[in-house]
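Here are the chains, one letter per residue:
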Amino acid sequence: MPQPERSAAFEIVEALLTVEIYNRIQKLTEADLPPDIRDRFLDGELGGVRRPILIGVEDIRTICQVDNIESIVADLPFLRLDEGTSLITFTEFDPGATWFAGQDALEAIQSNPVLAHYFSKFDPDVSYPEARVVNQSILARQKGLHARIEKLYGEEAESLLKLVSIKTPEEVRNSLEDLVLTSDQSEEIAKAGKALEHRQYLKSIGLHEIGKILFVGPPGTGKTTSARALSRWFMLPLVEVRLSMIISAFLGETAKNIDSVFMLAKKLNPCILFIDEFDFVAKSRASDDHGAIKRAVNTLLKAIDDISLVEDGVLLIAATNYPQLLDHAAWRRFDKVMSFSVPDDDMRCRILTKVLEKIDAELDVAELAKKTEGFTGSDLRLVVREAVLNALLQDRKRLTQADLLRAVAQFDKRNAEHRQGNNVQA
Ligand SMILES: Nc1ncnc2c1ncn2[C@@H]1O[C@H](COP(=O)(O)OP(=O)(O)O)[C@@H](O)[C@H]1O
Ligand SMILES: [Mg+2]
């Protein structure tokens, strides 16, 4: 039976071992630290955790939520508390690690990547990669995420959350499986995944220009959906911003807003920072020469320069429907442009097949694909939705080719009217 005293000692030693191992092994990143320790030592400016971590009585009190720290430390022969600085250190590391391992520590080790990295040398049941997955999902879980934001920002959390939408991977409803991607797109996604996984390696070889992707393409081609689905795919929290919201009516606030959002992403790392409506930058530039807007845009471009996948663990994705509005200064910030085109015949076939997957129907999808030239993925989804609703009006759940052809015709007609309406206005 664990005595309360012993479990406090256990937690204290766990925190101290974690810090000591983190200090020794450069390869470990702040994402390997358990959330409590990480938040305690996160450097606001740096967005990371600086080495060496010096840990004292107050830190332990916050991290472990225990009392009597001084007397517990005094009872453990391998620890030392410096009376002057209140810092706690190991007098001898190995006996400390051995003591810890002897306390039924397996479960704790398996969810703490730093400890797992060390103890995997001695215990085949311990895996560093698996502990990382456990730790990431703890970091990512909603309660944890919101609690961490409150903890990091206190009273300012609320106003910050008005600028961004923050979701855990579990909360994101879009999934890559629901999207039809080109092989180029799939390859780029796989590369981004590898870059995330091997950040330390990329850093060590000096490859920094990586992890800023611009999604470009007409409306309805899956840009927003893809960015969100990547959160689920990579199991990373998603910080989503609309530029129109951070470039606020109160222009004086804008630079501050931009900095807050980027800082938040750095603190939540690893995560995805998704900036939708990126062309807003260009539009506001073109619309007038208002100095404040210029300053805001420059702040944004600088913030993009200052964030890095390799250093900060933030994958930056921006999306725009109007790439022609972006100037060179904006383009060159991205190391990758991923284009989303209006789907060709083959891709329309695949999208229709996917969208119709769960629907009871006997159809000639190839014919539908031929009749829907110029339709985007979004259009095709709307067509299928209309067909389903029309059939339901007739109390049918089984779709026929005629249902879909009719929905296509309706869609075409509405589009034509819409275009005409626009012309009249113009
Ligand atoms: N390639 C595709 N495969 C499957 N669905 C798609 C595809 N492109 C778009 N869609 C669907 O169309 C809708 C709108 O897509 P969205 O991501 O908002 O487009 P965008 O951001 O490019 O305007 C979503 O429901 C999405 O699932
Ligand atoms: Mg979009």
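Residues numbered from 1 in each chain as written. Chains lettered and ligands numbered in written order. Predicted model: local features only at pLDDT ≥ 70, side-chain atom pairs only at ≥ 80, totals over all residues. Heavy atoms only, no water.

1. Considerations on the overall build of the protein chain
A count of helices and strands for the protein chain gives 23 helices and 10 strands. Dimensions of the protein chain along its principal axes, counting C-alpha atoms only, are 85 × 55 × 40 Å. Considering the protein chain as a whole, with its 426 residues, one finds that 48% of them fall into the buried category. Looking at the protein chain as shown, the accessible area adds up to about 21,700 Å², and 52% of this sits on carbon and sulfur atoms. Here the protein chain holds 53 positive side-chain charges and 66 negative ones, and the gap between their average locations is 5 Å. (Helix = DSSP H or I, 4+ residues; strand = E, 2+ residues; numbered from the N terminus. Buried < 20%, exposed > 50% of the residue type's maximum accessible area, 1.4 Å probe, protein only. Areas by Shrake-Rupley, 256 points an atom, 1.4 Å probe, with all protein chains shown as cover. Lys, Arg positive; Asp, Glu negative; His and termini not counted. Charge placed at Lys NZ, Arg CZ, Asp CG, Glu CD.)

2. Here we look at the packing of aromatic side chains
Evaluated as defined, the whole model comprises 11 aromatic pairs. Between the aromatic rings of Phe-215 and Phe-340, the centroid separation amounts to 4.9 Å while the plane-to-plane angle is 50°, which identifies the pairing as tilted. Residue Phe-215 is found in strand 6 (residues 212-216), and its partner Phe-340 is found in the loop between strand 10 (336-339) and helix 20 (345-356); the two are separated by 125 residues along the sequence. Classification of Phe-340 as buried rests on a relative accessible area of 3%. By way of ring pairs, the aromatic residues Phe-10, Phe-78, Phe-90, Phe-93, Trp-99, Phe-100, Tyr-118, Phe-119 and Phe-122 are connected into one cluster. Its guanidinium or amino end placed over the ring of Phe-93, Arg-24 lies 4.2 Å from that ring's centre, counting from NZ or CZ. Positioned above the aromatic ring of Tyr-22 is the side chain of Arg-51, whose terminal nitrogen or guanidinium carbon lies 3.9 Å from the ring centre. (Phe/Tyr/Trp six-rings, centres within 6.5 Å; stacked < 30°, edge-to-face > 60°. Lys NZ or Arg CZ within 6 Å of the ring centre and 35° of its normal.)

3. Digging into the packing of helix 20 against helix 22 (residues 377-393)
At a minimum axis separation of 10 Å, helix 20 and helix 22 run at an interaxial angle of 40°. Accordingly, the angle class assigned to the pair helix 20 and helix 22 is oblique. In the packing of helix 20 onto helix 22, the handedness of the crossing is right-handed. The residues of helix 22 that touch helix 20, namely those facing Arg-348, Ile-351, Leu-352, Val-355 and Leu-356, are Gly-377, Leu-380, Arg-381 and Val-384. Tallied by class, residues from the contact of helix 20 with helix 22 come to six nonpolar, one polar and two charged. (Axes fitted to C-alpha atoms, helices over the stretch in contact; angles between N-to-C directions. Parallel < 35°, antiparallel > 145°, perpendicular 65-115°, else oblique. Left-handed = near helix turned anticlockwise from the far one by under 90°. Contact = heavy atoms within 4.5 Å. Nonpolar A, V, L, I, M, F, W, Y, C, P; charged D, E, K, R; others polar.)

4. Quick word on the site of ligand 1
Taken together, 15 residues lie around ligand 1, and Val-180, Gly-220, Lys-223, Thr-224 and Thr-225 are the ones closest in. In this structure, Thr-224 approaches ligand 1 through a side-chain N or O atom, which is 2.8 Å from an oxygen atom. Between ligand 1 and Arg-381, the relevant distance is 3.1 Å, taken from an oxygen atom to a side-chain nitrogen or oxygen of the residue. Isolated, ligand 1 exposes 560 Å² of accessible area, and the fraction of that covered by the protein chains is 81%. Contributing elements (two or more residues each) for the shell around ligand 1: helix 13 (223-234) and helix 22. Among the residues forming the shell around ligand 1, the class breakdown is five nonpolar, seven polar and three charged. (Near = heavy atom within 4 Å. Polar contact = N/O pair within 3.5 Å; in protein donor to acceptor, adjacent residues only side chain to side chain.)

5. So, the packing of helix 11 (residues 183-197) against helix 13
Look at helix 11 against helix 13: their axes get within 12 Å of each other, and the N-to-C directions meet at 45°. Here helix 11 is positioned oblique relative to helix 13, judged by the angle of their axes. As for how helix 11 packs across helix 13, the hand of that crossing is right-handed. Along the contact surface, helix 11 presents Ile-189, Ala-192, Gly-193 and Leu-196, while helix 13 presents Leu-230, Trp-233 and Phe-234. When the residues that make up the contact of helix 11 with helix 13 are grouped by side-chain class, the tally is six nonpolar, one polar and no charged.

6. Topic: the domain arrangement of the protein chain
Domain assignment breaks the protein chain into domain 1 (4-140), domain 2 (144-339) and domain 3 (345-425). With 18 residues of domain 1 at the contact, the number on the domain 2 side is 20 residues. Across the domain 1/domain 2 interface, buried area totals approximately 1,500 Å², and carbon plus sulfur atoms make up 47% of it. Two residues, Glu-30 and Arg-199, come together in a salt bridge whose shortest N-O distance is 3.7 Å. Connecting domain 1 to domain 2 are three residue pairs in polar contact (both at pLDDT 80 or more). Contributions of two or more residues to the side of domain 1 that touches domain 2 are made by helix 2 (35-41) and helix 8 (128-140). Across the side of domain 1 that touches domain 2, the residue classes break down as six nonpolar, six polar and six charged. (Domains from an automatic or database assignment. Buried area = accessible area lost by both parts, 1.4 Å probe. Salt bridge = Lys/Arg side-chain N within 4 Å of Asp/Glu carboxyl O.)

7. Observations regarding the nonpolar core
Formed by 47 residues in total, the largest nonpolar core has its most connected members in Ile-60 and Phe-100. The greatest single-element share of this core, amounting to 11 residues, is contributed by helix 1 (residues 4-24). Counting residues in each nonpolar core, the second largest holds 38 residues, with Val-164, Ala-265, Ile-293 and Ala-318 among its members. (Core = buried A, V, L, I, M, F, W, Y, C linked by side-chain atoms within 4.5 Å.)

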